[in-house]
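Examining the three-dimensional arrangement
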Amino acid sequence: MEEFHKVRRLPPYVFEQVNRLKASARAGGADIIDLGMGNPDLPTPKAIVDKLCEVVQDPRTHRYSSSKGIPGLRRAQAAYYARRFGVKLNPDTQVVATLGSKEGFANMAQAITAPGDVILCPNPTYPIHAFGFLMAGGVIRSIPVEPDDSFFPPLERAVRHSIPKPLALILNYPSNPTAYVATLDFYKEVVAFAKKHDIIVLSDLAYSEIYFDDMPPPSVLEVPGAIDVAVEFTSMSKTFSMPGWRMGFAVGNERLIAALTRVKSYLDYGAFTPIQVAATHALNGDGSDIAEVRNIYKRRRDILVESFGKAGFDVPPPAATMFAWAKIPEKFRHLGSLEFSKLLVEKADIAVAPGIGFGEQGDDYVRIALVENEHRIRQAARNLKRFLSAADETMHNVISLNAHRS
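All values reported here derive from a predicted model rather than from experimental measurement. (Residues numbered from 1 in each chain as written. Predicted model: local features only at pLDDT ≥ 70, side-chain atom pairs only at ≥ 80, totals over all residues. Heavy atoms only, no water.)

Quick word on the confidence of the model for the protein
For any part of a model where pLDDT is low, the fine detail of the predicted coordinates should not be relied upon. Counted only if it meets this: pLDDT is defined as a per-residue confidence score from the predictor, taking values between 0 and 100. A contact between two residues is defined here by any heavy atoms of the two lying within 4.5 Å.
The predicted model of the protein has a mean per-residue pLDDT of 93, with 96% of residues at 70 or higher. Within the model, the stretch residues 398-406 combines pLDDT values under 50 with twelve contacts to residues more than four positions away or in other chains.

Okay, structure coming up:
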């Protein structure tokens, strides 16, 4: 039978190929060290869990909740933006709770995209940034991801040569997967560009609190006038180790927030009320839980960079996020990121995310997630060293079984 139209627009999910191989290896008894999916292994702080358990005892909280978020939760998110970024938000009109930032992005795409609308999207980037708009009928035009002087000339060309003119520009800093961090000066240029060309800015700030060099990443909304053109998405998944709770936010421009809120009102009743109350408690906390999470990821980052480097795999230290973005060793680069990722599962019992899954510009890289403890990261490095040291003797067997890239 012919594929449905929207399904046809989606490529095969490359991460699933690595996941199947990983599951098969585990079924055969292999101890796979999983550094692939960005799925935090740290427990949710006890005070947040305790608040959930307290509130869930009240049967009144078992009814339908509020799609846009209960008032206390939206006020807590507005207060967080005021403390962290110095940005004043109206919790009634400029804040909406989402089921994680991924859902918020996808439903914003549904809310604002007409068939054929052009979206400027970094490449490589987190898949929902592109595919949320593809599923909504949009057209993706790739732009660079590094927030430097090379970023803006392609944007200017896109405005001149795209028909219709681009609708929106997607930003993601700190970036998943590359871990690039933007400066406030960069955001000022983005906002000026967006206002000049009447383009919406959609900023994914999911990793705002996972930074390592005492330089907290800024928000695009800190730029004066940014709220005229921008909406920003945040998530509690990494900041508070709450990935399964599915709690996030979109904040910013009232017209865009209203559009997202209206679409969501047709699709969901919001997160379970006890989850929203517990999330409120987390946002109103003193920040000590966030600092501890940040310190754990920093220690893991340092161990990963050191131990993998000694094993023969150079990993640049990320300044932020829970990921490292590493170029495939030269002798394996011709295989591409998917085949190299499969090799690591088969030969080193390590799972990573192939860079091709984030866009064709990522195919020389793999993303390594800091989601195993320090002992396991060191074990992964030992496995990697054994594999790399024996590669010259074994690679001829591998190459003959895998298609080369032209």
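Now that the structure has been shown, the text picks up again.
Quick notes on the UniProt feature "domain: Aminotransferase class I/classII large" (unreviewed entry) in the protein
Which entries qualify depends on this criterion: UniProt positions are given in the numbering used here, feature names are shortened, and annotations may be inferred rather than shown by experiment. For the purposes of this entry, the term helix denotes a DSSP run of H or I that reaches at least four residues, the term strand denotes a run of E that reaches at least two, and both are numbered from the N terminus.
The feature "domain: Aminotransferase class I/classII large" (unreviewed entry), as given by UniProt, occupies residues 31-382 in the numbering adopted here. For residues 31-382, the end-to-end C-alpha separation is 13 Å, with 40% helix and 14% strand making up the annotated structure.

Quick word on the pattern of salt bridges
Using the following cut-off: Take a side-chain nitrogen of Lys or Arg and a carboxyl oxygen of Asp or Glu: if they are within 4 Å of each other, that pair is a salt bridge.
All chains considered together, the criterion is met by 20 salt bridges. In this structure, Arg-301 and Asp-302 form a salt bridge, with 3.0 Å as the shortest nitrogen-oxygen distance. A network of salt bridges, in which partner residues are shared, links Asp-213, Lys-298, Arg-301 and Asp-302.

Quick notes on the side chain of Lys-342
Residue placement: Lys-342 occurs in helix α12 (residues 337-348). The contact partners of Lys-342, leaving out residues within four places of it in the chain, are Gln-17 and Leu-21.

A word on the sheet that holds strand β12 (residues 365-369)
Filter applied, for reference: Strand pairing requires that DSSP identify at least two bridges connecting the strands.
As summarised here, the arrangement of the three strands in space is β9-β12-β11, forming an open sheet in which the pairing is antiparallel. In this open sheet, the two edge strands, each paired with only one partner strand, are β9 (323-327) and β11 (353-354).

Comments concerning empty space enclosed by the protein
Heads up, the condition is: In this analysis, the protein atoms alone were mapped onto a 1 Å grid. Cavities are point sets where a 1.4 Å probe fits without being able to get out; pockets are open sets with protein on both sides within 12 Å along at least five of seven lines; lining residues have an atom within 4 Å of a point. Grid points are joined across faces, edges and corners, and a volume is the space filled by probe spheres set on the points. Think of it as three bins: nonpolar holds Ala, Val, Leu, Ile, Met, Phe, Trp, Tyr, Cys and Pro, charged holds Asp, Glu, Lys and Arg, and polar takes everything else, Gly as well.
For the structure on display, the rule yields one cavity of 30 Å³ or more. In this structure, the largest cavity encloses a volume near 90 Å³. In terms of lining, the largest cavity is formed by 13 residues, of which the most central are Tyr-80, Thr-234, Ser-235, Thr-239 and Leu-283. Put simply, the parts of the chain that give the lining of the largest cavity at least two residues each are α4 (71-85) and β7 (230-235). Across the lining of the largest cavity, the residue classes tally to seven nonpolar, five polar and one charged.

Digging into the sheet that holds strand β4 (residues 139-143)
Sheet strands pair by backbone hydrogen bonding; their relative direction is either parallel or antiparallel. The line we're drawing: Only C-alpha atoms enter the line fits that serve as axes; for helices the fit covers just the stretch in contact. Angles between N-to-C directions range over 0 to 180 degrees.
The strand order across the open sheet formed by seven strands is β2-β8-β7-β6-β5-β3-β4, and the pairing between neighbours is mixed. What marks the edges here is a single partner per strand, and that holds for β2 (95-98) and β4. On average, adjacent strands in this sheet sit at an angle of 20° to one another, irrespective of strand direction. Summarising the sheet, strand β6 (residues 200-204) and β7 pair through four bridges and their orientation is parallel.

Remarks on the packing of helix α7 (residues 152-161) against helix α8 (residues 184-197)
Here is the rule we go by: Angle categories: roughly parallel below 35 degrees, roughly antiparallel above 145, roughly perpendicular from 65 to 115, and oblique for all the rest.
Interaxial distance between α7 and α8 falls to 12 Å at its minimum, and their mutual angle equals 10°. The angle between the axes of α7 and α8 places the two elements in the roughly parallel class. Here α7 contributes Phe-152, Leu-155, Glu-156 and Val-159 to the contact with α8, which in turn contributes Phe-186, Glu-189, Val-190, Phe-193, Lys-196 and His-197.

Here we look at the pairing of β9
Put simply, the test is: Exposure classes here rest on a 1.4 Å probe applied to the protein chains alone. A residue is buried below 20% of its type maximum, exposed above 50%, and partly exposed in between.
Counted residue by residue, β9 has four buried out of five residues, so it is predominantly covered. Pairing of β9 with β12 involves five bridges; the strand directions are antiparallel. Looking across to β12, one finds that Ala-326 is bridged to Val-366.

Re the pairing of strand β5 (residues 168-172)
Taken across its five residues, β5 has five buried, putting it largely inside the fold. Because side chains alternate across β5, one face comprises the buried residues Ala-168, Ile-170 and Asn-172, and the other comprises Leu-169 and Leu-171, equally buried. Note that strand β3 (residues 118-122) and β5 share two bridges and pair parallel. Directly across from Ile-119, in β5, lies its bridge partner Ala-168. Summarising the sheet, β5 and β6 pair through five bridges and their orientation is parallel.

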